[in-house]
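Spelled out, the chains give:
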Amino acid sequence: MKARLFLVLLLLVALAVPSLAIPRIHLRRVSVGAGYSHFSGPYYPYYPGYWPGYSSLYPGSFYPPGYWDPYWSPYGSPIAYTLRDSDKGEVHLKDAAPQAEVYIDGAYAGIAKDLRTLWLAPGAYNLELRSGNQTPVQKKIYVLTGKTVNVRMAEVKP
Amino acid sequence: MKRGLAVGFAVALAMVAFAGSREGIAPRSSAGDYAVQKQSGTLSLGVARLSNEQVKNSFSADVERGYVVIEIGVFPGEGGIDLRRDDFVLRGSGKDGAYVLRPASPQTVAGVLQKKNKTAGAHDVDVYPHGSIGYSTGVRDPYGRQYPGGVTTAVGVGVGVGNNAPAASTDADRRTMETELRDKILPEGEQTAPVAGYLYFPIATKDKVSYQLEYRAPGRDKILMPLPDAKK
């Protein structure tokens, strides 16, 4: 009986192992922001321990001092600046001259000092830097979702 | 006149098509600049096995996770050469025996890497930190008393498990990987000038393996090049 139970457990473990792969932790989207919130009722922000308020959970009732309204939450952030986008790849222009003009697939994208970090959809792009009277330098870059490409234009021959 | 224009247009189109399909990387100045070099008649071959670090720096995709990457420089000399990637074979010998590996196509490598990335991310945990700063103008209670507001701050973290899109796992990623691998692969066909490029061989075992690259083309002597271990 014990041997049979052991075999059943062994079978269950063997079946479960493929789905128990060790997970990795990814830091995905980081957002910071500032916002303005306006209260129009019917309930009020709660000052812990001192203020009775009206709860939408129990309509018509006032909750006693010290009661924590489960619906109260920190203010949201209507404006968020996304530092990382999960469906794009990151491109770092490592050594471009600050005033160099950046062209992506022949289209002007801006100057290098404003484009140290670019987020692009997965694909192959022709990156070109034009700086003053110097010969433009070109490099083909390959962008993958969630990956970072470090571009060092000094390694590229004009 | 019209005929001349048409011919010119056709030549321009052919040049554009040729430029678009150009494969390979810039060859080094001579075969002697590679880690291993061999000469047979007028043909010189230079070969180097890329370390994992070099592969990471050379490709957007994690090619080192499943493939040995060999850089090959071909210096045809007089007479040229009809270069075929299948004429190269990687011979490996480890504690489990000997392996004979043929180069994988960019399509195959990209497909395998995409599949590996998808599997790797199936159980991953995504963390979404959040921070906000706000200003409250204060509130008025039901009895008409005004309460002061002030600066409010909030921090939070969201956690997502499973069903996420791991890095380099979409179809667009696969196509991009394939494009990059094809752009950098050793070119095929008639070559009269030096050419260079990479070949991708699947890793047969995780154990330590000694590799030799063999070049055997019809009508030519076999060239065997032992590859020193790549630096970590």
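The structure displayed is predicted, hence computed values, not measured ones.

Rules and cut-offs
Residues numbered from 1 in each chain as written. Chains lettered and ligands numbered in written order. Predicted model: local features only at pLDDT ≥ 70, side-chain atom pairs only at ≥ 80, totals over all residues. Helix = DSSP H or I, 4+ residues; strand = E, 2+ residues; numbered from the N terminus. Buried ≥ 20, exposed ≤ 12 C-beta atoms within 10 Å, placed from the backbone. pLDDT = per-residue confidence, 0-100. Pairing = 2+ DSSP bridges. Axes fitted to C-alpha atoms, helices over the stretch in contact; angles between N-to-C directions. Expected span 1.5 Å × (residues − 1). Contact = placed C-beta atoms within 7 Å. Core = buried A, V, L, I, M, F, W, Y, C linked by C-beta atoms within 7 Å.

Colleague: Just to check I follow, could you spell out the overall build of chain A for this structure?
Modeller: Per the secondary structure count, chain A includes one helix and ten strands. Its helices and strands taken in sequence order, chain A reads α-β-β-β-β-β-β-β-β-β-β from the N to the C terminus. Burial statistics for chain A: of 158 residues in total, 13% are counted as buried.

Colleague: I'm lost on the confidence of the model for chain A in this one. Help?
Modeller: Fine structural detail should not be taken from predicted coordinates in areas where pLDDT scores are low. Overall, the predicted model of chain A reaches an average pLDDT of 67, with 48% of residues at or above 70. Across chain A, element-level confidence peaks in strand β8 (residues 123-130) of chain A with a mean pLDDT of 94 and bottoms out in strand β3 (residues 81-82) of chain A with 38.

Colleague: Explain the sheet that holds strand β6 (residues 107-111) of chain A here, please?
Modeller: The pairing of strands in a sheet happens through backbone hydrogen bonds and is either parallel or antiparallel. Residue and element names in this part refer to chain A. Ordered in space as β6-β5-β8-β9, the four strands form an open sheet in which the pairing is antiparallel. Two strands lie at the open edges of the sheet, namely β6 and β9 (137-143), each paired on one side alone. Averaged over all neighbouring strand pairs, the angle between strand axes comes to 30 degrees, with direction disregarded. The pairing of strand β5 (residues 101-104) with β8 spans four bridges and is antiparallel. Bridged to Glu 101 within β8 is Arg 130.

Colleague: What is the right way to read helix α4 (residues 171-183) of chain B from this model?
Modeller: Note: α-helices contain 3.6 residues per turn, so residues at a spacing of three or four share the same orientation. Taking 1.5 Å as the rise per residue, α4 of chain B with 13 residues should run 18 Å; its terminal C-alpha atoms sit 18 Å apart, in good agreement. For α4 of chain B, the complete set of buried residues consists of Asp 173, Arg 174, Thr 176, Met 177, Glu 178, Glu 180 and Leu 181 of chain B.

Colleague: How should the environment of Phe 88 of chain B be read in this particular structure?
Modeller: All names here are of chain B. Mapped onto the elements of the fold, Phe 88 is located in strand β5 (residues 88-94). In this structure, the C-alpha to C-alpha distance between Phe 88 and Arg 216, residues 128 residues apart in sequence, is 6.6 Å. When residues no more than four places from it in sequence are discounted, the contact partners of Phe 88 are Pro 103, Leu 199, Leu 213 and Tyr 215.

Colleague: Would you mind showing me how to read the environment of Val 68 of chain B here?
Modeller: Residue and element names in this part refer to chain B. As for its placement among the helices and strands, Val 68 is situated in strand β3 (residues 67-75). In this structure Val 68 comes out as buried when scored by C-beta crowding, with 25 C-beta atoms within 10 Å. Setting aside residues no more than four positions away along its own chain, Val 68 makes contact with Arg 49, Leu 90, Phe 201, Ile 203 and Tyr 211.

Colleague: Honestly, the nonpolar core in this entry has me stumped. Any pointers?
Modeller: When a protein is soluble and globular, its nonpolar side chains tend to lie buried together. Residue and element names in this part refer to chain B. Counting residues in each nonpolar core, the largest one holds 55 residues, and the members touching the most others are Val 63, Val 69, Ile 70 and Tyr 200. If you tally residues by element for this core, the top one is β3, at seven residues. Leave out the neighbours within four places in its chain, and Val 63 touches Val 55, Val 69, Val 109, Leu 113 and Tyr 200.

Colleague: Could you clarify how one ought to interpret the sheet that holds strand β4 (residues 89-93) of chain A in this entry?
Modeller: Residue and element names in this part refer to chain A. As summarised here, the arrangement of the three strands in space is β7-β4-β10, forming an open sheet in which the pairing is mixed. Among the strands making up the open sheet, the edge pair consists of β7 (117-120) and β10 (148-151). If you compare each strand with its neighbour and ignore which way they point, the axes differ by 25 degrees on average. In this structure, β4 lies alongside β7, joined through four bridges in antiparallel fashion. Its bridge partner lying in β7, Glu 90 is registered against Trp 119.

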